[in-house]
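Residue-level listing of the chains:
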Amino acid sequence: MELIRTLRDSPAAAVIFASTLIAVMGVSLISPALPAVQEAWNISESQASLLLSAFTLPGIFLTLPIGLFSDRIGRKPILIPALVVFGLSGGSIIFIPDFTLILVLRAIQGAASSAIAMLTVTLLGDLFTGEQRRVLIGTNAAILAVGAAGYPLLGGVLATLAWSAPFACFLLALFVAVPGMTLLEEPNQDGTKSNSSIREFLTGSTPMAPFAVLYLAIFGIFVILYGAQLTAVPFLLANEYQLSSANIGLLVGLPAVTMGLTAMQGDRVLQVLTSFQSIALGFVSYGIGLTVVALADSIYVIAGALLLFGLGQGLAEPITDTALNERAPDEFRGSIMSIRTSVLRLGTTVGPPLSVGAAALFGYRQTLLVSGAAAFLIGVTWFTVRRQ
């Protein structure tokens with residue numbers, strides 16, 4: 001009821017949620033289509049995975065300047081153009097006959113996606129406070145999970161028609177940008193943001209250790225998510241189980257189900273655990289899920305393990321966003337969340353080639369097994385420390 005009341009009183013929240021659904025398309029829609037892309041273009045697995053890395057790479061370098069800029073001129077003047085660029089650059093790929101040019105367009109689209117992903121979470125921190133903020137950040141993560149669950153299946157089905165078919169879906173971003181021009185609210189600047197700099201924050205009295213730990217957690221979360229779940233698992237399913245793109249999409253989307261259900265309970269989780277303990281348990285769940293996938297010899301066991309992986313995602317990812325927003329001074333929120341997105345993009349860029357490279361030497365099962373063991377040890381160690 002509180003969520004419905006918020007959406008009725010603040011249409012901006014609906015625009016933010018729709019933008020989140022658009023941003024998550026960039027990888028989850030394309031991931032199950034990678035085997036189809038590889039076959040259509042007669043390229044290697046590593047080359048096909050560049051569709052993910054080219055998308056995520058620009059965010060490493062561009063998100064921080066975008067965040068600093070948004071602290072000065074506002075969120076809306078950046079978010080709306082980013083939606084337009086995302087839709088046009090991604091949708092135009094269906095007409096491009098050169099794979100190198102496709103990678104260039106994916107890089108442009110990825111830069112726009114980084115701005116969208118950063119600004120949606122930032123706006124939730126700007127426009128809402130307290131329990132309402134926590135609920136909405138959890139809801140935003142759940143909506144992201146809905147997209148992450150549905151898009152792989154949609155992308156897989158479309159890829160059975162043509163490798164390029166999933167890219168047409170990116171044009172939907174234009175249908176979010178148009179109403180966003182009038183419905184999206186601009187947070188009150190209070191005359192302070194234009195004179196702020198990230199150096200003031202870094203050299204001020206705010207403790208930096210919690211931010212450093214959260215950024216490190218975000219990097220690990222997205223190396224695991226993009227390297228293991230969204231790259232290694234699809235190739236494992238294609239190579240060892242000979243599954244179609246549609247079936248791969250169905251399985252790859254399963255973690256989003258438990259992620260969404262868990263993320264919706266984020267406020268309750270934080271009444272029992274600290275944010276750091278919740279994130280640590282998320283890594284433990286990652287580790288168990290990936291280890292079971294690596295050792296399983298049944299699709300049904302893999303499905304159950306992926307649901308467990310999603311539980312970890314729900315415990316870890318949205319909680320990092322909540323923790324950062326609650327610790328961020330208002331005048332520096334855009335900059336702080338932009339660093340978050342830069343670190344996130346670094347993880348998503350490093351993950352796929354790291355996973356494919358390791359698999360080329362040791363195989364996908366061994367790669368997933370080592371990833372799972374590492375995540376489990378990190379989680380257990382971190383939870384034992386019980387950081388506050």
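Residues numbered from 1 in each chain as written. Predicted model: local features only at pLDDT ≥ 70, side-chain atom pairs only at ≥ 80, totals over all residues. Heavy atoms only, no water.

An unreviewed UniProt entry annotates the protein as MFS transporter of Halorubrum glutamatedens. The UniProt entry for the protein carries the following text under Subcellular location (unreviewed entry): "Cell membrane". (UniProt positions renumbered as here; feature names shortened; annotations may be inferred.)

Caption draft 1: Layout of the side chain of Thr-56. Within the secondary structure, Thr-56 is located in helix α5 (residues 45–73). Since its relative accessible area comes to 0%, Thr-56 is described here as buried. Among residues more than four places away in sequence, those in contact with Thr-56 are Val-27, Tyr-226, Arg-345, Thr-348 and Thr-349. (Helix = DSSP H or I, 4+ residues; strand = E, 2+ residues; numbered from the N terminus. Buried < 20%, exposed > 50% of the residue type's maximum accessible area, 1.4 Å probe, protein only. Contact = heavy atoms within 4.5 Å.)

Caption draft 2: Spatial organisation of the pattern of salt bridges. Under the defined criterion, the tally for this structure stands at four salt bridges. For Asp-126, the salt bridge identified is with Arg-75, shortest N-O distance 2.6 Å. Here Asp-126, found in helix α7 (residues 99–127), pairs with Arg-75, found in the loop between α5 and α6 (76–91); they are 51 residues apart in sequence, far enough to count as distant. Among the salt bridges present, the one from Asp-126 reaches Arg-333, with a minimum N-O distance of 3.3 Å. (Salt bridge = Lys/Arg side-chain N within 4 Å of Asp/Glu carboxyl O.)

Caption draft 3: Fine view of the nonpolar core. Residues Leu-51, Phe-86, Phe-283 and Leu-368 are the most contacted members of the largest nonpolar core, which totals 109 residues. For this core, the element with the highest residue contribution is helix α11 (residues 209–241), accounting for 20 residues. Setting aside residues up to four positions removed in sequence, Leu-51 forms contacts with Ile-30, Leu-34, Val-37, Phe-99, Ile-102, Leu-103, Arg-106 and Phe-167. Of all hydrophobic cores here, the second largest spans five residues; its members include Ala-145, Ala-256, Met-259 and Ala-263. (Core = buried A, V, L, I, M, F, W, Y, C linked by side-chain atoms within 4.5 Å.)

Caption draft 4: Region of the structure containing the packing of helix α17 (residues 333–362) against helix α18 (residues 364–385). Relative to each other, α17 and α18 sit at 125°, their axes nearing to 7 Å. Viewed along their axes, α17 and α18 adopt a mutual orientation that is oblique. For the crossing formed where α17 meets α18, the hand is right-handed. Contacts from Ser-355, Val-356, Ala-358, Ala-359 and Phe-362 in α17 reach Tyr-364, Gln-366 and Thr-367 in α18. Grouping the amino acids of the contact of α17 with α18 by side-chain chemistry returns five nonpolar, three polar and no charged. (Axes fitted to C-alpha atoms, helices over the stretch in contact; angles between N-to-C directions. Parallel < 35°, antiparallel > 145°, perpendicular 65-115°, else oblique. Left-handed = near helix turned anticlockwise from the far one by under 90°. Nonpolar A, V, L, I, M, F, W, Y, C, P; charged D, E, K, R; others polar.)

Caption draft 5: Structural detail: the packing of α5 against α17. Running from N to C, α5 and α17 point in directions that differ by 165°, and their axes come no closer than 8 Å. Relative to α17, the element α5 lies roughly antiparallel. Every pair of crossing elements has a handedness; the one defined by α5 and α17 is left-handed.

Caption draft 6: Quick look at α11. With 33 residues, α11 extends 45 Å between its outermost C-alpha atoms, agreeing within 8% with the 48 Å of an ideal straight helix rising 1.5 Å per residue. If you look at α11, its biggest bend is around 35°, right at Ala-232, and the proline Pro-234 turns up within four residues after that. In terms of burial, α11 is a largely internal element, 27 of the 33 residues being buried. (Expected span 1.5 Å × (residues − 1). Bend = angle between axes of the 7 residues up to and from the residue.)

Caption draft 7: Highlighting the environment of Asn-42. In this structure, Asn-42 sits in the loop between α4 (34–41) and α5. Sequence separation of Asn-42 and Thr-320 is 278 residues, and the distance between their C-alpha atoms is 40 Å.

Caption draft 8: Quick look at the packing of aromatic side chains. What the rule picks out here adds up to twelve aromatic pairs. Look at Phe-167 and Phe-170: their rings are 5.9 Å apart centre to centre, the planes differ by 70°, and that puts the pair in the edge-to-face class. Between Phe-283 and Trp-382 the ring centres are 6.1 Å apart and the planes differ by 55°, which places this aromatic pair in the tilted class. Taken together, the positions of Phe-283 in helix α15 (residues 275–295) and Trp-382 in helix α18 put the pair 99 residues apart, joining distant regions of the chain. (Phe/Tyr/Trp six-rings, centres within 6.5 Å; stacked < 30°, edge-to-face > 60°.)

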